[in-house]
Amino acid sequence: GKSLDVLIDSVDAETGGATGRSKADAPEIDGEVHLRDAGHLEAGDVVTAWIEDSDEHDLFGVPA
């Protein structure tokens with residue numbers, strides 16, 4: 001239910017999903033932010049995302 005700036009690390013053209021991290025997350029150590037409906041993004045983009053769900057380590061949402 002909150003917004004978060006996310007640095008996109010990778011985009012899956014087949015599924016239209018993207019994976020990234022917040023400014024507080026270190027790659028390969030901390031959790032990831034998984035976005036749906038994000039096929040238009042590219043690695044290196046910084047986008048605002050609406051967070052809809054989470055699990056023990058990761059966040060899930062959509063680009064705002």
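Worth saying up front: this structure is predicted, and the values here are computed from it rather than measured.

Describing the pairing of strand β4 (residues 46–54)
Here is step 1: Of the strand pairs in this sheet, strand β1 (residues 3–12) and β4 are connected by five bridges, and their pairing is antiparallel. Bridge assignment links L7 to a residue of β4, and that residue is V46.
Here is step 2: In terms of strand pairing, β4 meets strand β5 (residues 59–63) through five bridges, oriented antiparallel. Bridge pairing in β5 links A49 to P63.
Here is step 3: Here β4 folds back onto β5, and the loop between the two strands holds four residues.

Regarding the nonpolar core
Here is step 1: Of all hydrophobic cores here, the largest spans 10 residues; its members are V6, I8, A18, V33, L35, A38, L41, V47, A49 and I51.
Here is step 2: Going through the elements one at a time, β1, β3 (33–35) and β4 are the ones with two or more residues in this core.
Here is step 3: Apart from the residues lying within four places of it in its own chain, the contact partners of L41 are I8, V11, V47 and P63.

Analysis parameters
- Residues numbered from 1 in each chain as written.
- Predicted model: local features only at pLDDT ≥ 70, side-chain atom pairs only at ≥ 80, totals over all residues.
- Heavy atoms only, no water.
- Pairing = 2+ DSSP bridges.
- Helix = DSSP H or I, 4+ residues; strand = E, 2+ residues; numbered from the N terminus.
- Core = buried A, V, L, I, M, F, W, Y, C linked by side-chain atoms within 4.5 Å.
- Buried < 20%, exposed > 50% of the residue type's maximum accessible area, 1.4 Å probe, protein only.
- Contact = heavy atoms within 4.5 Å.

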